[in-house]
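# Breakdown of the fold
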Amino acid sequence: MKLIIAIIKPSRIEDVRQALNGLDVHGMTVSEVKGYGRQKGHSEIYRGAEYAVHFVPKLKVEIAVSANLASSVVEAVKTAANTDRIGDGKIFVLDLEAVTRIRTGETGTAAL
């Protein structure tokens, strides 16, 4: 099993959700996060004054899938979240050692 973590622009979440539904992946966790990468933030103008914004708002999407589906999910997220502009985000793939469904006690891929 794999845990895929994608940091994406908030405007791309619906496209990512639809792409994952197309792969029959229906479960994900989405969190609002802030951070920066190579872009090191940006500047905004508010009431005529320019401000440096060091932490850019992003969404963190976490998806647990079976190992054989991981590469398809990564490709779908990459395609759906891409705007060809700086700050599109990153995708991390981690090994997932165990999963347990709390309600039924199912473990492994049956719990996904």
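Here, every reference points to the structure presented above.
Okay, so let's go over this structure.

### Notes on helix α2 (residues 70–81)
Counting along an α-helix, one turn takes 3.6 residues, and residues three or four places apart therefore face a common direction. The end-to-end C-alpha distance of α2 is 16 Å, a good match for the 16 Å that 12 residues give at a rise of 1.5 Å each. On the buried face of α2, the contacting elements are β1 (2–8), α1 (13–22), β5 (56–65) and β6 (89–95).

### Quick notes on the environment of D88
As for its placement among the helices and strands, D88 is situated in the loop between α2 and β6. A relative accessible area of 15% places D88 in the buried class. Taking the C-alpha atoms as reference, D88 lies 9.2 Å from K78; in sequence the two are 10 residues apart. Reaching out from D88, the side chain makes a polar contact with the side chain of T83 at a distance of 2.4 Å.

### Here's the deal with the sheet that holds strand β2 (residues 29–35)
Spatially, four strands are ordered β2-β5-β1-β6 in an open sheet, and the strand pairing comes out antiparallel. Strand pairing shows two members of the sheet lacking a second neighbour, β2 and β6, which therefore form its edges. Ignoring strand direction, the axes of neighbouring strands in this sheet form an average angle of 20°. Pairing geometry for β1 and β5, over seven bridges, is antiparallel. By the bridge assignment for β5, I7 is matched with K60.

### Here we look at the nonpolar core
Membership of the largest hydrophobic core comes to 15 residues, with the highest contact counts inside it found for I8, V16, L20, I63, V65, V73 and V77. Tallying contributions element by element places α2 first for this core, with five residues. Excluding anything up to four places from it in sequence, I63 contacts K2, L3, I4, L20, V25, G27, M28, V73 and V77.

### With respect to the packing of α1 against α2
Direction vectors running N to C along α1 and α2 enclose 150°, while the axes themselves pass 8 Å from each other. Considering their axes alone, α1 and α2 lie roughly antiparallel with respect to each other. In the packing of α1 onto α2, the handedness of the crossing is right-handed. Across the interface between the two elements, D15, V16, A19 and L20 from α1 touch V73, A76, V77, A80 and A81 from α2. Split into classes, the residues belonging to the contact of α1 with α2 amount to eight nonpolar, no polar and one charged.

### Comments concerning the pattern of salt bridges
Applying the stated criterion across every chain, the model contains six salt bridges. Of the charged contacts in the structure, one is a salt bridge between D95 and K2, with a shortest N-O distance of 2.5 Å. One end of the pair, D95, is in strand β6; the other, K2, is in strand β1, and 93 residues separate them in sequence.

Conventions and cut-offs
Residues numbered from 1 in each chain as written. Predicted model: local features only at pLDDT ≥ 70, side-chain atom pairs only at ≥ 80, totals over all residues. Heavy atoms only, no water. Helix = DSSP H or I, 4+ residues; strand = E, 2+ residues; numbered from the N terminus. Expected span 1.5 Å × (residues − 1). Contact = heavy atoms within 4.5 Å. Buried < 20%, exposed > 50% of the residue type's maximum accessible area, 1.4 Å probe, protein only. Polar contact = N/O pair within 3.5 Å; in protein donor to acceptor, adjacent residues only side chain to side chain. Pairing = 2+ DSSP bridges. Axes fitted to C-alpha atoms, helices over the stretch in contact; angles between N-to-C directions. Core = buried A, V, L, I, M, F, W, Y, C linked by side-chain atoms within 4.5 Å. Parallel < 35°, antiparallel > 145°, perpendicular 65-115°, else oblique. Left-handed = near helix turned anticlockwise from the far one by under 90°. Nonpolar A, V, L, I, M, F, W, Y, C, P; charged D, E, K, R; others polar. Salt bridge = Lys/Arg side-chain N within 4 Å of Asp/Glu carboxyl O.

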